[in-house]
Amino acid sequence: VQLQASGGGLVQAGGSLRLSCAASGFTFDDYIMAWFRQAPGKEREFVSGINWYGDKENYSESVKGRFTISRDKIKKTVFLQMNNLKPEDTAVYYCAADTRWDYGRMLVPSEYDYWGQGTQVTVSS
């Protein structure tokens, strides 16, 4: 099982980045996918999730209206388009996979079956 996250980098405030997470070793269509982030000294927090079919999405309040999650079943990849980035978005971003779509459960990192290695996003002011 592998979740390979990429696309992070250094960007100025107001800029954009697109993160990708390529999945392998498991049945991608059987899993909901999510993005979390963790800033230094802080707990890992939920950013966004998408269901198996890509027709339901969930976002944290801090990113709603700026970030968009999507998935490509052919490429077995989940994306996070991040626009209007702010310095407080600076963190390591992780993708994760779980089998159940539940609005409470999806916020809890320990509920996820698989995790990627993370990609650093740094937003300068």
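Just so we're clear, the structure is a prediction, and the values are computed from it rather than from any experiment.

Mapping Thr122 onto the fold places it in strand β11 (residues 119-124). Accessibility expressed as a relative area gives 27% for Thr122, which makes it partly exposed. With residues up to four places along the chain from it excluded, the contact list for Thr122 reads Gly9, Leu10, Val11 and Thr90. Within polar-contact distance, the side chain of Thr122 engages the side chain of Gln120 at 3.3 Å.

Take the state of the cysteines next. A covalent bond between the sulfur atoms of two cysteines is what we call a disulfide. Enumeration according to the criterion identifies one disulfide in this entry. With its sulfur 2.0 Å from that of its partner, Cys21 forms a disulfide with Cys95. Across the S-S bond of Cys21 and Cys95 the torsion is about 60°, and the bridge reads as right-handed. Of the two residues, Cys21 is situated in strand β3 (residues 17-24) and Cys95 in strand β9 (residues 91-98); the sequence distance between them amounts to 74 residues. Summarising the burial analysis for this pair, Cys21 and Cys95 share the class buried.

Parameters and conventions
- Note that residues are indexed from 1 along each chain, following the sequence as it is written.
- Given that this is a predicted model, residues contribute local features only at a pLDDT of at least 70 and side-chain atom pairs are listed and counted only at 80 or more, while totals for whole chains, interfaces and linings are drawn from all residues.
- Only hydrogens and water are removed before side-chain values are computed, so all heavy atoms of the structure are retained for them.
- Only DSSP runs of H or I reaching four residues or more are called helices, and only runs of E reaching two or more are called strands; each is numbered from the N terminus.
- Between buried and exposed lies partly exposed: a residue is buried under 20% and exposed over 50% of the maximum accessible area for its type, with that area taken using a 1.4 Å probe on protein chains only.
- The contact criterion used throughout is that any non-hydrogen atoms of two residues lie within 4.5 Å.
- Two N or O atoms form a polar contact when they lie within 3.5 Å of each other; inside protein one atom must be a possible hydrogen donor and the other a possible acceptor, and for residues adjacent in sequence the pair counts only when both atoms belong to side chains.
- Note on disulfides: each one is a pair of cysteine sulfur atoms within 2.5 Å.

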